[in-house]
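Single-letter residue listing:
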Amino acid sequence: MSDNDGSASIVLAGQSTIAEWQEDFYRTVHRHPELGHQEVKTAAAVAAALRRFGFEVQEKIGSTGVIGILQNGDGPVVLMRADMDALPVEEATGLPYASADRATDGDGNDVPVMHACGHDAHVACLLGAARLLSEKPAAWHGTYIALFQPAEELADGAEVMLKGGLATMIPRPDVALAQHMLPIPAGRVGTRAGTFLSSGDSMRVTVSGRGSHGSMPQLSVDPVVLASTIVVRLQGIVAREITPGEFAVLTVGRIAGGSKSNIISDHAVLELNIRTFSETTRTTIVKAIHRIVEGECATSGSPMRPRFELYDHYPVTENDPDATARVADAFARYFDDRAFTIDRQSASEDFSEIPNTLGVPYTYWGVGCIDADLYAKAEAAGSVSTDIPSNHSPNFAPALEPTLQTGTAAAVVAALAWLGDNY
Ligand code: ZN
Ligand code: ZN
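### A look at the layout of surface pockets
(1) Moving on: Space inside the largest pocket adds up to approximately 1400 Å³.
(2) Moving on: Lining the largest pocket are 46 residues, and of these Leu-87, Glu-153, Arg-275, Tyr-314 and His-392 lie nearest its centre.
(3) Moving on: Elements with a minimum of two residues in the lining of the largest pocket: strand E7 (175–185), strand E9 (194–197), strand E10 (199–208), strand E12 (248–257), strand E14 (267–276), strand E15 (307–314) and strand E18 (362–370).
(4) Moving on: For the lining of the largest pocket, the element with the highest residue contribution is E7, accounting for 5 residues.

### Focus on the pattern of salt bridges
(1) Moving on: A complete count under the given rule lists 18 salt bridges for this structure.
(2) Moving on: In this structure, Glu-159 and Lys-163 form a salt bridge, with 2.8 Å as the shortest nitrogen-oxygen distance. Of this pair, Glu-159 and Lys-163 both sit in helix H5 (residues 157–163), 4 residues apart, which is roughly one turn of that helix.
(3) Moving on: Of the charged contacts, one joins Arg-254 and Glu-271 as a salt bridge, the two residues approaching to 3.2 Å between their closest N and O atoms. Placement of the pair is Arg-254 in strand E12 and Glu-271 in strand E14, with a sequence separation of 17 residues.
(4) Moving on: With relative accessibility at 40%, the residue Arg-254 sits in the partly exposed group.
(5) Moving on: Residues joined in a network through salt bridges with shared partners are Arg-204, Arg-254, Glu-271, Arg-307 and Glu-309.

### A look at the sheet that holds E14
(1) Moving on: Strand order in the open sheet formed by 4 strands is E12-E14-E10-E15, and the pairing between neighbours is antiparallel. Two strands lie at the open edges of the sheet, namely E12 and E15, each paired on one side alone. Across the sheet, the mean angle from the axis of one strand to that of its neighbour is 20 degrees, orientation sign disregarded.
(2) Moving on: The pairing of E12 with E14 spans 9 bridges and is classified as antiparallel. Across the sheet, residue Gly-257 finds its bridge partner in E14, namely Ala-268.

### Details of the domain arrangement of the protein chain
(1) Moving on: When its domains are assigned, the protein chain resolves into domain 1 (6–195 + 316–419) and domain 2 (199–313).
(2) Moving on: Each of domain 1 and domain 2 has a C-alpha centre, and the two are 36 Å apart.
(3) Moving on: Across the boundary between the two partners, domain 1 contributes 10 residues, which contact 8 residues of domain 2.
(4) Moving on: A combined buried area of about 750 Å² lies between domain 1 and domain 2, and 56% of that area is made up of carbon and sulfur atoms.
(5) Moving on: Considering only the side of domain 1, the residues that lose the most area to domain 2 are Val-316, Ser-346 and Ser-348, jointly responsible for 50% of the buried surface there.
(6) Moving on: The interface formed by domain 1 and domain 2 holds 0 salt bridges in total.
(7) Moving on: On the surface where domain 1 and domain 2 come into contact, there are 3 residue pairs in polar contact (both at pLDDT 80 or more).
(8) Moving on: In terms of residue class, the side of domain 1 that touches domain 2 is built from 4 nonpolar, 4 polar and 2 charged.

### As for the nonpolar core
(1) Moving on: Within the largest apolar cluster, 73 residues are counted, with the highest numbers of intra-cluster contacts made by Leu-50, Tyr-144 and Phe-148.
(2) Moving on: Looking at this core element by element, the count peaks at 13 residues for helix H13 (residues 400–419).
(3) Moving on: Each residue touching Phe-148, except ones within four places of it in the same chain, is listed here: Val-46, Leu-50, Gly-65, Val-66, Ala-82, Met-84, Val-123, Leu-126, Leu-127 and Met-161.
(4) Moving on: Judged by nonpolar contacts, the second largest core, of 25 residues, contains Ile-145, Phe-351, Val-360 and Tyr-362.

### A closer look at the sheet that holds E18
(1) Moving on: Spatially, 8 strands are ordered E1-E2-E6-E3-E7-E18-E8-E17 in an open sheet, and the strand pairing comes out mixed. One side of each edge strand has no neighbouring strand; the edge strands of this open sheet are strand E1 (56–61) and strand E17 (339–341). Recorded for the sheet is a direction-independent mean angle of 25 degrees between the axes of neighbouring strands.
(2) Moving on: Bridge count between E1 and strand E2 (residues 65–72): 4 bridges; the pairing is antiparallel. Paired with Val-57 across the bridge in E2 is Gly-68.

### Overview of the coordination of the zinc ion (ligand 1)
(1) Moving on: Here the zinc ion (ligand 1) is held by Cys-117 (SG), Glu-153 (OE) and His-392 (NE2), and the distances to it run 2.0 to 2.3 Å.
(2) Moving on: In primary-sequence terms, the residues that donate to the zinc ion (ligand 1) follow C-x35-E-x238-H.
(3) Moving on: Here the zinc ion (ligand 1) and the zinc ion (ligand 2) are spaced 3.0 Å apart, linked through Cys-117, which binds each one. Of this pair, Cys-117 sits in the loop between strand E5 (110–112) and helix H4 (119–135) while Glu-153 sits in the loop between strand E6 (142–149) and H5, and the two are 36 residues apart along the sequence. Each member of the pair Cys-117 and Glu-153 is classed as buried.

Conventions and cut-offs
- Residues numbered from 1 in each chain as written.
- Chains lettered and ligands numbered in written order.
- Predicted model: local features only at pLDDT ≥ 70, side-chain atom pairs only at ≥ 80, totals over all residues.
- Heavy atoms only, no water.
- 1 Å grid on protein atoms, 1.4 Å probe; cavity = no way out; pocket = protein on both sides within 12 Å on 5 of 7 lines; lining within 4 Å.
- Points joined across faces, edges and corners; volume = space filled by probe spheres on them.
- Helix = DSSP H or I, 4+ residues; strand = E, 2+ residues; numbered from the N terminus.
- Salt bridge = Lys/Arg side-chain N within 4 Å of Asp/Glu carboxyl O.
- Buried < 20%, exposed > 50% of the residue type's maximum accessible area, 1.4 Å probe, protein only.
- Pairing = 2+ DSSP bridges.
- Axes fitted to C-alpha atoms, helices over the stretch in contact; angles between N-to-C directions.
- Domains from an automatic or database assignment.
- Contact = heavy atoms within 4.5 Å.
- Buried area = accessible area lost by both parts, 1.4 Å probe.
- Polar contact = N/O pair within 3.5 Å; in protein donor to acceptor, adjacent residues only side chain to side chain.
- Nonpolar A, V, L, I, M, F, W, Y, C, P; charged D, E, K, R; others polar.
- Core = buried A, V, L, I, M, F, W, Y, C linked by side-chain atoms within 4.5 Å.
- Donors = N, O, S within 2.8 Å, 3.2 Å for Na, K, Ca; no water.

Put into structure tokens, the structure is as follows:
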């Protein structure tokens, strides 16, 4: 056992004593989720806890961002980030601490709210790591920065914290860390060097028609028919224009047109989602969408050029090889065969905007959160895809333990790979 493992075992010896507090904290955040940029109660609870642990705290960065800094002598600076926001999903888990809360979204709609992506667990784990490190200052040295970010799901939470002056509020980190709950067995942690998460983009396409009475189609250009042909043609991009084996997803997530059965509308809207692991593939897809939409509009005799709006952009998450090797090595020693090399994921994240803007290396890993027995049964039955609810599902229900313990240990072990006595 190296000195660094010694630091980890000293700091993590406190896990059992914080478990009750941490699980309570998690259940409270889960029961009262908040949408992006509205994480007011969550942020206040986080800030209060960090102050109790002796961190220097700054709040309301960007919108609801919080940072806590714990200086503990000379040494490296480690930043770890957790996202705090929930989703407009109606919880169907039936858990005793399920959310029944509702909120007003950015468009003014009344919506149900649920922590359906595990950000409540990210918050509880980072706070747990912060507490454990604060309780055992003799076991490490350096500076620990706990960063709680708003609005990951809206793709601009990292950006607003950066615009809110984050870079001037913290010492420059030597490394930035983050983790995410994934629908794999609880207790496991997966790292990957290089490309880990895809880029993500949303695109809104508005096509024009000529409105008319439903009984007089000869007087119209029907935008519903036009939009329908576009949806079908778009399916050919990934199938026919992208190199086989190259990862790409193009989903039409929303199609809207018309108001009533006997009215031909004058426009239709398509909302698309694009995921790739490379900028070249992303550009190919965006260009192909433009070509197809413009072509179909011309074919239909659409009276106006189509309108394209790109929004909710997420960059590719590209883990630094050296930082990842350091964390993977520390995980292998602490977690043994519960640590593994994880496949690339088609999900996306805005976390990397923070280290990229600060000009520092980063690594981002996955933490399992599904009850291991439940997962094993589904795997044996070949029914993982139908029986294991994924992130964003109304049935997404992380097993409280060992998920929180594992995520907290991962946060501590990774930080100590820089701050532990071995380095
Ligand atoms: Zn999510
Ligand atoms: Zn998420």
